[in-house]
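Topology and contacts: notes
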Amino acid sequence: MFVFLAMSAAGNAWPRSETGYAGTRLDDAAKLAQIADEYFEQCLRFFPLSATEDVGDPRFEGALEIDIAPMHRGEQAAVFGKILS
């Protein structure tokens, strides 16, 4: 923690290059962020009660899910499988 504070005080918290932080490429980080965003949006769509209650997203206030229904689970498997591929 001391090293982080010392580097922050110096104005450069982490070494940065054109490849990004810790050797990752910036376009890889952008792809990962896009995958995470798509996954999160799909979770909100599949679980509207949690989206409204836990996240506070008003887009799903009128929707209810039956997440044990075979059709619902099949849609989840298809969408999340596509995201992972």
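Structural notes, computed from the coordinates. What you are looking at is a predicted structure, and each value in this text was computed from that prediction instead of being measured.

Brief notes about the packing of helix α2 (residues 26–46) against helix α4 (residues 70–84)
Contact geometry for α2 and α4: axes closest at 10 Å, N-to-C directions at 175 degrees. Overall, the two elements α2 and α4 adopt an arrangement that is roughly antiparallel. Between α2 and α4, the contacting residues are I35, E38, Y39, Q42, C43, R45 and F46 on the first element and H72, E75, Q76, V79, F80 and I83 on the second.

Examining the side chain of Q76
Position of Q76 among the secondary structure elements: in helix α4. A polar side-chain atom of Q76 sits 2.9 Å from a polar atom in the side chain of H72. Every residue in contact with Q76, bar those within four places of it in the chain, is listed here: F46, F47, D67 and G81.

Regarding the pattern of salt bridges
Scanning the model with the defined rule gives two salt bridges in all. A salt bridge links R59 to D57; the shortest N-O distance between them is 2.6 Å. By relative accessible area, R59 is classed as exposed at 52%. With relative accessibility at 12%, the residue D57 sits in the buried group.

A closer look at the environment of H72
You can see H72 is positioned in helix α4. Classification of H72 as buried rests on a relative accessible area of 12%. Spatially, the C-alpha atom of H72 lies 7.8 Å from that of F46, the residues being 26 residues apart in sequence. With residues near it in sequence (within four places) discarded, H72 still touches F46, F47, E65, I66 and D67.

Brief notes about the packing of aromatic side chains
For the structure on display, the rule yields two aromatic pairs. Here the aromatic rings of Y39 and F80 are separated by 5.1 Å at their centres, their planes lie at 45 degrees, and the arrangement is tilted. Of this pair, Y39 sits in helix α2 while F80 sits in helix α4, and the two are 41 residues apart along the sequence. Judged by its relative accessible area of 43%, Y39 is partly exposed.

Cut-offs applied
- Residues numbered from 1 in each chain as written.
- Predicted model: local features only at pLDDT ≥ 70, side-chain atom pairs only at ≥ 80, totals over all residues.
- Heavy atoms only, no water.
- Axes fitted to C-alpha atoms, helices over the stretch in contact; angles between N-to-C directions.
- Helix = DSSP H or I, 4+ residues; strand = E, 2+ residues; numbered from the N terminus.
- Parallel < 35°, antiparallel > 145°, perpendicular 65-115°, else oblique.
- Contact = heavy atoms within 4.5 Å.
- Polar contact = N/O pair within 3.5 Å; in protein donor to acceptor, adjacent residues only side chain to side chain.
- Salt bridge = Lys/Arg side-chain N within 4 Å of Asp/Glu carboxyl O.
- Buried < 20%, exposed > 50% of the residue type's maximum accessible area, 1.4 Å probe, protein only.
- Phe/Tyr/Trp six-rings, centres within 6.5 Å; stacked < 30°, edge-to-face > 60°.

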